[in-house]
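# Overview (structure and organization)
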Amino acid sequence: MKQSTFLAPTLRDVPSDAEVTSHQLMLRAGLIRQSTSGVYSLLPLGLKALKKVEAIVREEMNRAGAQEMLMPAIQQSELWKESGRWEAYGPELMRLHDRHGREFALGPTHEEVITTVVRDDVKTYKKLPMTLYQIQTKFRDERRPRFGVLRSREFLMKDAYSFDTSQEGLDESYNKMYEAYTNIFTRCGLDFRAVVADSGAMGGKDTHEFMVLSEIGEDTIAYSDSSSFAANIEIAPVNVEYETTNELLKEKELVNTPEKKSIDEVAEFLQVERQKLIKSILFIVDEKPVLVLVRGDHEVNDIKVKNLFDAQLVSLATEEETKKFLKTIPGYIGPVNIDGTIEVVADHAIGALVNGICGANKEDTHYVNVNMDRDFKVSQFADLRNIQEGDPSPDGKGTIRFKEGIEVGHVFKLGTRYSEAMGAMYLDENGKNKPMIMGCYGIGVTRTLAAIIEQFHDESGIIWPTSVTPFDVHIVPINMKQEEQKQLAEELYNELTEERLEVLIDDRPERPGVKFKDADLYGFPVRVTVGKKANEGVVELKVRKTGETLEVHKKDLLRTMK
Ligand code: ATP
Ligand code: MG
Ligand code: MG
Ligand code: MG
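Residues numbered from 1 in each chain as written. Chains lettered and ligands numbered in written order. Predicted model: local features only at pLDDT ≥ 70, side-chain atom pairs only at ≥ 80, totals over all residues.

### Topic: helix α1 (residues 21-28)
For α1, the tally of buried residues reaches 8 of 8 residues, placing the bulk of the element in the interior. Residues T21, S22, H23, Q24, L25, M26, L27 and R28 constitute the buried set of α1. Where α1 ends, the next residue or the one after it, G30, has phi of about 70 degrees, a positive value. (Buried ≥ 20, exposed ≤ 12 C-beta atoms within 10 Å, placed from the backbone. Helix = DSSP H or I, 4+ residues; strand = E, 2+ residues; numbered from the N terminus.)

### What to know about the nonpolar core
Membership of the largest hydrophobic core comes to 108 residues, with the highest contact counts inside it found for V53 and I475. Sequence-distant contacts of V53, that is, excluding residues within four places in its chain, are made with C188, V445, T448, L449 and V468. (Core = buried A, V, L, I, M, F, W, Y, C linked by C-beta atoms within 7 Å. Contact = placed C-beta atoms within 7 Å.)

### Quick look at the sheet that holds strand β6 (residues 103-106)
Across a sheet, paired strands are connected by hydrogen bonds in the backbone, their directions being either parallel or antiparallel. Ordered by their spatial adjacency, 3 strands build an open sheet running β4-β6-β5, and the pairing between neighbours is antiparallel. At either margin of the open sheet sits one strand with a lone partner, and together these are β4 (74-76) and β5 (94-97). On average, each strand axis in the sheet is tilted by 35 degrees relative to the strand beside it, whichever way the strands run. As paired elements, β5 and β6 share 4 bridges and run antiparallel to each other. Of the residues in β6, the one forming a bridge with R95 is A105. (Pairing = 2+ DSSP bridges. Axes fitted to C-alpha atoms, helices over the stretch in contact; angles between N-to-C directions.)

### So, the site of ligand 1
Close to ligand 1 lie 15 residues; F155, H410, G442, G444 and R447 are nearest. Those elements that provide at least two residues to the shell around ligand 1 are β8 (154-164), β23 (400-415), β26 (437-444) and α14 (445-455). With 4 residues, the top contributor of residues to the shell around ligand 1 is β23. Looking at side-chain class alone, the shell around ligand 1 contains 3 nonpolar, 7 polar and 5 charged residues. (Near = placed C-beta within 6 Å. Nonpolar A, V, L, I, M, F, W, Y, C, P; charged D, E, K, R; others polar.)

### Re the environment of Q455
Residue placement: Q455 occurs in helix α14. Through-space distance from the C-alpha of Q455 to that of S22 is 8.5 Å; in sequence the pair is 433 residues apart. Setting aside its immediate chain neighbours within four residues, Q455 contacts L190, D191, V212 and S214.

### Describing the packing of helix α2 (residues 44-63) against α14
Between α2 and α14, the least distance of the axes is 9 Å, while the angle of their chain directions is 115 degrees. For the element pair α2 / α14, the angle class is roughly perpendicular. Crossing hand, α2 versus α14: right-handed. Contact with α2, carried on its side by A49, L50, V53, E54 and V57, involves V445, T446, T448 and L449 of α14 and no other residues of that element. (Parallel < 35°, antiparallel > 145°, perpendicular 65-115°, else oblique. Left-handed = near helix turned anticlockwise from the far one by under 90°.)

The following block contains the structure:
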């Protein structure tokens, strides 16, 4: 590629609106240009690097047995209403209308679409397990788009979805993705950690985030200095796991006579109770038990829980819809199993226990007079929101340290949250209809690119890891008017290109100082300077990472570079 006509405009000054290094360098090296807030064009250099990251992601996904497909970015609101997320997702969802007044969203994620695709075309256990993925532009109306493509409103994501017939199958699919992610970020050269994460409004339980360690990271990781414990401190008590014994539970009163209420009475109850902090209660509505957890001030994606209730109250009438409704409540508590294990889906579960009441996995029953500290013991880690550096690690091993991280990937066990809500069923070996067990797995491809630059740069510019560099070699003839230099530069360009290396040649009539500054700013791994010794066939090779230079004869160039 000839630099004279290549669109990679460099800037000498640091753009005033760019706060973090990767954003500054992506602008200064001509990788991106802003179109409007949180919306960017990728110029050729930016796109070349992005394609390299994308290729790594694709290779590792394929290697893990995932199948690539492509789903629409435009999603009809009906899909989101079916899953209960049209309201719950909040203002981050970009909404639009067609000419007939039908509502749509620009996909921020694709659980709804993939679930319907698989629902309609996979009917039997024989086809499962299956993991599908796509690499596609996503849209999120972020409250605060910032740091360039690190938090933008339109960005490239790889999203994968697994479908299994058992919990063990899901565990296996999840582990495969976890490994693929580890390979991907390792191949990108990144210093990262996989940490325990928040299951948020997605209704899942087991989840990890892949965090690139960086001072500008918006997440704080609490990790132990002497074990593998690492968690995002935003997880709050979501990952609290309780331990109890059969014996303890047996002493509790298992009741099956909760109060009967009409739907209107429940509505009224919610109106009053939602102002209080945490409350859980069991009702019978139309002969069906409804365990309601209320937390007035809980915020998920900018929507207050109160809005969720307001929006969904009408659907409490049937059992089916009640289930659906409960699942749209952040913090819906799963059943407490009589065998002594508890499925705690979110922090509100504590609310359920505080109030001395919680559900059971026996129909129409729940426990009363349950006391959290007495009957349920925290077996894993507790509320990390208040954890401090220097505290003992929740796993009992070592001391807590903090580090900032950028979330580049997220793996998530969804369970049957979407398959049940949207009817993605399969026939098992015995001809029984069962909901598929799902997982979802995302990687921010554009964000990963920025995170790489955040970790690989110096004061002169980017220092590309070889795996993702837009060009492998930068040939810089000092003076293009010198016939010998021009010829040797072109000869080397042809030779290296034939070796399948990607080469940029600076054929511009610029001063050497300008060319070198730009070369350092672009930061390709190797610079080959063609100068005075061109007549002897000798060039200077400079390694961007170390600054090391050495003179080599053209016939030794390839060998030396390797
Ligand atoms: P964040 O906590 O940073 O808002 P998220 O948890 O909302 O991210 P996910 O829903 O887990 O994001 O999406 C999967 C991946 O997509 C994230 O791990 C991240 O790498 C990327 N991503 C999410 N939001 C953005 C964004 N606004 N700009 C760029 N990449 C993003
Ligand atoms: Mg987000
Ligand atoms: Mg997150
Ligand atoms: Mg996430």
